[in-house]
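Breakdown of the fold
Each chain is listed here by its residues.
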Amino acid sequence: MTRARSEQQAIREDIFRWLDLRRNAGAYEFSRAELINYSFNGERIPLLDTGRGIRNPADFDSTLTIMTSSKKTEYSDGISPEGLVRYSYQSRDGGDNVKLRNAYNDADPLVYFLGVRAGYFVAFYPAYIVHDDPSRREVHVALDESLRFFDDPLNLKETERRYAERLVKARLHQPMFRARVLRAYETACAICELKHAELLDAAHIIPDSNLEGVAEVTNGLALCKIHHASYDQNLLGITPDYEVRIDRDLLEEVDGPMLRHGLQDMHGRSLMLPKRKAEHPSKDRLAQKYALFAA
Ligand SMILES: [Zn+2]
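As the structure is a prediction and not an experimental result, all values here were calculated from the model.

It is worth spelling out the overall build of the chain at this point. From N to C terminus, the chain includes 9 helices and 13 strands. In terms of principal-axis extent, the alpha carbons of the chain reach across some 70 × 45 × 30 Å. Here the chain holds 295 residues, and 51% of them are scored as buried. In the chain, the share of contacts with a sequence separation of at least 24, taken over all contacts with a separation of at least 6, comes to 64%. Carbon and sulfur atoms provide 49% of the accessible area of the chain, an area that totals close to 14,700 Å². A distance of 4 Å separates the average location of the 41 positive side-chain charges in the chain from that of its 45 negative side-chain charges.

So, in structure tokens, the structure goes:
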């Protein structure tokens, strides 16, 4: 028995709201455990299917979520420059393609979970299936809602492509970057050690418009809001040897406790580094950015 269509829609909307709430509270990744324990009006509705990349609840007309594990995303996040991901349906299960095709035909919004490490995911929603190719047994999922309004998402016109690529950089790579950086720094500001995810950003050392590999942890720093803004504005610098410097004029200014403790007291501190050496911030990029501060 499938649920009433209106109830299916209500559940989808509630899932998006629930993810929003968690994200606003600072969550930068979702564990498998919390995703399989999502509940709607007291009824548990797992958002992931054990051992499978797709969640097709028996009482839903169409696919609820699609998941790509971290094994596949360790080196690239699998998002095309246009903001699409390809998902191949399993040939052994005839049900997958029926519900995927329903999601495509009915434009049902779903959640796309991208693995960021074993058992942890970032969520993209509402995502839409914008292309179905039964002969190749694959669909394309648009991770940003606006992408589904293109006439032919697999063959974008030049202006559409430029728009899509900008969007992907700004909106789609950011969640992966944030998850990787905050995890590497154990959810603490690298400068002041503040440990509230909702007050932390994944800051770029060099702005990502300059870069190919935007989600690289070595181009990132976990910083609290005030230190992130100070770093971007060159009021605060970090030497390639991981030492924090405060702008000279700012050091001489006299003001309240935020200036004194939040900024001036940081002068000369050593940056907190990720445990894994491979995740340490790039000295080259720190040097490039420090030159702007020192100038
Ligand atoms: Zn801080």
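The next thing to look at is the nonpolar core. In terms of nonpolar packing, the biggest core is built from 55 residues, with Tyr112, Val141, Leu143 and Ile191 touching the most fellow members. Ranked by residue count, the leading element in this core is helix 5 (residues 158-184), at 8 residues. Of the domains in this structure, domain 1 (5-157) and domain 2 (185-294) are the two that each give at least three residues to this core. Excluding residues that lie within four positions of it along the chain, isoleucine 191 makes contacts with Leu223, His227, Leu236, Ile238, Val244, Met266, Arg269 and Leu271. Of all hydrophobic cores here, the second largest spans 20 residues; its members include Ala27, Tyr38, Phe60 and Ala123.

Bringing the coordination of the zinc ion into the picture now. Looking at the zinc ion, one finds its protein donor set to be Cys189 (SG), Cys192 (SG), Cys224 (SG) and His227 (ND1), positioned 2.1 to 2.4 Å from the metal centre. One way to put it: the 4 donor atoms around the zinc ion meet at angles of 92 to 118°, and that makes the site tetrahedral. Residue classification places histidine 227 among the buried positions, given a relative accessible area of 1%.

Moving on, we come to the domain arrangement of the chain. Note on interface size: it is often stated as the accessible area lost on association of the parts. Taken as a whole, the chain is organised into domain 1 (5-157) and domain 2 (185-294). Using only C-alpha atoms to locate each centre, domain 1 and domain 2 end up separated by 34 Å.

Applying the stated rule across the entire model yields 5 aromatic pairs. A ring pair is formed by phenylalanine 113 and phenylalanine 121, whose centres lie 6.3 Å apart and whose planes are at 65°; its orientation type is edge-to-face. Residue classification places phenylalanine 113 among the buried positions, given a relative accessible area of 0%. Sitting over the ring of tyrosine 120, arginine 117 keeps its end group 3.8 Å from the ring centre. Just above the ring of tyrosine 128 sits the side chain of arginine 148; from NZ or CZ to the centre is 3.8 Å.

Here we come to the pattern of salt bridges. All told, the structure shown has 24 salt bridges when counted by the stated rule. For arginine 86, the salt bridge is made with glutamate 138, and the minimal N-O distance between the two is 3.7 Å. Residue arginine 86 is located in strand 6 (residues 84-88), and its partner glutamate 138 is located in strand 9 (residues 138-142); the two are separated by 52 residues in the primary sequence. Taking the relative accessible area as the measure of exposure, arginine 86 reaches 54% and is therefore exposed. The exposure class assigned to glutamate 138 is buried, which follows from its relative accessible area of 8%.

On to a negative patch on the surface, then. Where like charges cluster on the molecular surface, the negative patch consists of Asp249, Glu252, Glu253 and Asp255. Here aspartate 255 shows up in the loop between helix 7 (248-252) and helix 8 (257-263).

Reading the values: the criteria
- Residues numbered from 1 in each chain as written.
- Predicted model: local features only at pLDDT ≥ 70, side-chain atom pairs only at ≥ 80, totals over all residues.
- Heavy atoms only, no water.
- Helix = DSSP H or I, 4+ residues; strand = E, 2+ residues; numbered from the N terminus.
- Buried < 20%, exposed > 50% of the residue type's maximum accessible area, 1.4 Å probe, protein only.
- Contact = heavy atoms within 4.5 Å.
- Areas by Shrake-Rupley, 256 points an atom, 1.4 Å probe, with all protein chains shown as cover.
- Lys, Arg positive; Asp, Glu negative; His and termini not counted.
- Charge placed at Lys NZ, Arg CZ, Asp CG, Glu CD.
- Core = buried A, V, L, I, M, F, W, Y, C linked by side-chain atoms within 4.5 Å.
- Domains from an automatic or database assignment.
- Donors = N, O, S within 2.8 Å, 3.2 Å for Na, K, Ca; no water.
- Tetrahedral: all angles 85-135°; square planar, octahedral: opposite > 155°, others 65-115°.
- Phe/Tyr/Trp six-rings, centres within 6.5 Å; stacked < 30°, edge-to-face > 60°.
- Lys NZ or Arg CZ within 6 Å of the ring centre and 35° of its normal.
- Salt bridge = Lys/Arg side-chain N within 4 Å of Asp/Glu carboxyl O.
- Patch = residues over 30% accessible without salt bridge, like charges linked within 9 Å, V, L, I, M, F, W, Y side chains within 5 Å.

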